[in-house]
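Examination of the molecular architecture
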Amino acid sequence: MSKISRREFLEGTGIGLVIAAAVPSLVQAGPRATSTAAAETQASAVPRTVIRLVVNGVERRVEVEDRWTLAELLRDHLGLTGTKIGCDRGECGACTVLLDGKPIYSCSYLAVWVDGRLIQTVEGLAQGDRLHPLQEAFIEHDGPQCGFCTPGQLMSAWALLERNHHPTADEVRAALVGNICRCSNYNRYVEAVLAAAAAGSMNAPSKL
């Protein structure tokens, strides 16, 4: 059996340690680089469509990815962040907007489906710095608490008052049933809508 000197042993061990340390780095770098390349390829392969729509009275032409939701288009690409995303699965109503005058959950509606349609968001209610009477009624009756659900509540209420200028309390409750208020301030919202109706808020011009 041949003898190995202490120096030879240490030199051999050192080389082994260097290789052992380098191998995990190479292994980690490989999948990461592959993953990044795959993500870029996947993103470039996503179908895109050019759509035309009218948002708050303004015509827009936008190229969208076919997988975008309407909420994503409004918030991330048109800068209309008044539309909130709560549950992101069509349950809470925070993302409610009007599509051709009817309330929908924009988190569950694809952007490509609104080609040639009319959209109204909460930003379309006020005229500059002047609030719409419905918004003023919400404030006067302490409707908003944390405020997160308020845009959706406003849009559902607006859709109701567009088709029914003098709703009953039960009709208001039915119209707002799809909008969850985690602060449980439902009665104040109902009071606000009834007050807005009594004040003739629908005399204000609609931007739809």
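The sections below set out a description of the structure shown in this document. (Residues numbered from 1 in each chain as written. Predicted model: local features only at pLDDT ≥ 70, side-chain atom pairs only at ≥ 80, totals over all residues. Heavy atoms only, no water.)

1. Remarks on the overall build of the protein
- Scanning the protein from terminus to terminus reveals six helices and five strands.
- When its helices and strands are written in sequence order, the protein yields α-β-β-α-β-β-β-α-α-α-α.
- Sorting the 208 residues of the protein into buried and exposed places 36% on the buried side.
- Taking the contacts inside the protein whose residues are at least 6 apart along the sequence as the reference set, 58% of them involve residues at least 24 apart. (Helix = DSSP H or I, 4+ residues; strand = E, 2+ residues; numbered from the N terminus. Buried < 20%, exposed > 50% of the residue type's maximum accessible area, 1.4 Å probe, protein only. Contact = heavy atoms within 4.5 Å.)

2. Section: the packing of aromatic side chains
- In the structure shown here, the tally under the stated rule is two aromatic pairs.
- Note on Tyr109 and Trp113: the rings are 5.1 Å apart at their centroids and 90° apart in plane angle, and the pair reads as edge-to-face. (Phe/Tyr/Trp six-rings, centres within 6.5 Å; stacked < 30°, edge-to-face > 60°.)

3. Regarding the packing of helix 3 (residues 133-140) against helix 6 (residues 186-198)
- Look at helix 3 against helix 6: their axes get within 8 Å of each other, and the N-to-C directions meet at 140°. By the angle between their axes, helix 3 is oblique relative to helix 6. By crossing handedness, the relation of helix 3 to helix 6 is classed as right-handed. Contacts between helix 3 and helix 6 pair Leu134, Ala137 and Phe138 from the former with Tyr189, Ala192, Val193 and Ala196 from the latter.
- Looking at the contact of helix 3 with helix 6 residue by residue, the class counts come to seven nonpolar, no polar and no charged. (Axes fitted to C-alpha atoms, helices over the stretch in contact; angles between N-to-C directions. Parallel < 35°, antiparallel > 145°, perpendicular 65-115°, else oblique. Left-handed = near helix turned anticlockwise from the far one by under 90°. Nonpolar A, V, L, I, M, F, W, Y, C, P; charged D, E, K, R; others polar.)

4. Some details on the pattern of salt bridges
- What the rule picks out here adds up to eight salt bridges.
- Ionic pairing is found between Arg67 and Glu65, a salt bridge with its closest N-O pair at 2.7 Å.
- Relative accessible area serves as the criterion here: at 48%, Arg67 is assigned to the partly exposed category.
- Here Arg173 makes a salt bridge to Asp170, at a shortest N to O gap of 2.9 Å. (Salt bridge = Lys/Arg side-chain N within 4 Å of Asp/Glu carboxyl O.)

5. Considering helix 4 (residues 150-163)
- Relative to the 20 Å expected for 14 residues at 1.5 Å per residue, helix 4 spans 20 Å between its end C-alpha atoms, a close match to the ideal helical length.
- Buried residues dominate helix 4, accounting for twelve of its 14 residues.
- Among the residues of helix 4, those classed as buried are Thr150, Pro151, Gly152, Gln153, Leu154, Met155, Ser156, Ala157, Trp158, Ala159, Leu160 and Leu161.
- Of the surrounding elements, those touching the buried residues of helix 4 are strand 3 (96-99), strand 4 (102-105), strand 5 (118-120), helix 3, helix 5 (169-176) and helix 6. (Expected span 1.5 Å × (residues − 1).)

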